[in-house]
Amino acid sequence: MVERTLLLNTSYEPLLILGWQRALTLVVLGKAEVVSEYTRLVRCKTHRIRVPSVIRLRRRVPRVRPMIRFLRSNLYARDGYQCQYCGDTLSAKDLTYDHVIPRSKGGLTCWTNIVSCCVRCNRKKGSLSLEEAGMRLLKRPVRPRVLPDSSVYGPVTPESWRFYLRA
Ligand SMILES: [Zn+2]
């Protein structure tokens, strides 16, 4: 397993997730302090230190948005597992996603152009625009600013992170 490190702001709110090497660099540079560690030791120049699991910034970073990865699971969570065209609520295995502005018309694969939808609506819309298909969205797709739940941190949430993710 590749350890990841949770970075907290000075006020202990979660900011983002780093690879442990980058986290260690912040600690070595004096920009962050270690809050919690994994048991694994790594060699750092002449001595061995534990891989940090949670670190905290020494100086407050203003207005840093939590990193919400653009993943299928996060997309479904943003949309409440609801087809954004017909409103049906489905399980993840029955959902798919749709480019609101089709890729053939220059639509991008990003939070503001992708919505969860059912297979039936996906087929119906095909590569048509909303107007051409005569379909409407339940709501305008946006980049989520709040975390739907801790699943955005990946399938495995280290025990040492839980306390900080509860808020
Ligand atoms: Zn649908």
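Everything below is about the structure printed above this text.
These lines cover the structure that appears in this document, whether it is placed above or below.

What counts and what doesn't
Residues numbered from 1 in each chain as written. Predicted model: local features only at pLDDT ≥ 70, side-chain atom pairs only at ≥ 80, totals over all residues. Heavy atoms only, no water. Pairing = 2+ DSSP bridges. Helix = DSSP H or I, 4+ residues; strand = E, 2+ residues; numbered from the N terminus. Axes fitted to C-alpha atoms, helices over the stretch in contact; angles between N-to-C directions. Salt bridge = Lys/Arg side-chain N within 4 Å of Asp/Glu carboxyl O. Buried < 20%, exposed > 50% of the residue type's maximum accessible area, 1.4 Å probe, protein only.

### Section: the sheet that holds strand β4 (residues 47-57)
Strands sit in the order β2-β1-β4-β3 across an open sheet of four strands; the sheet is mixed. A single partner strand is all that each edge strand has here, and the edge strands are β2 (14-19) and β3 (32-44). Averaged over all pairs of adjacent strands, the angle between their axes in this sheet comes to 35 degrees, without regard to strand direction. Pairing between β3 and β4: nine bridges, direction antiparallel. Opposite Glu37, over in β4, you have Pro52 as the bridge partner.

### Remarks on the pattern of salt bridges
Considering all chains together, one arrives at eight salt bridges under this definition. In this structure, the salt-bridge partner of Arg56 is Glu33, at a minimum N-O distance of 2.7 Å. Separated by 23 residues along the polypeptide, Arg56 in strand β4 and Glu33 in strand β3 bring together distant segments of the chain. Residue classification places Glu33 among the partly exposed residues on the basis of a relative accessible area of 24%. Between Arg58 and Glu33 there is a salt bridge, and its shortest N-O distance comes to 3.7 Å. Residue Arg58 is located in the loop between β4 and α2 (72-78), and its partner Glu33 is located in strand β3; the two are separated by 25 residues in the primary sequence. Salt bridges here are not isolated pairs; linked through shared partners, they connect Glu33, Arg56 and Arg58.

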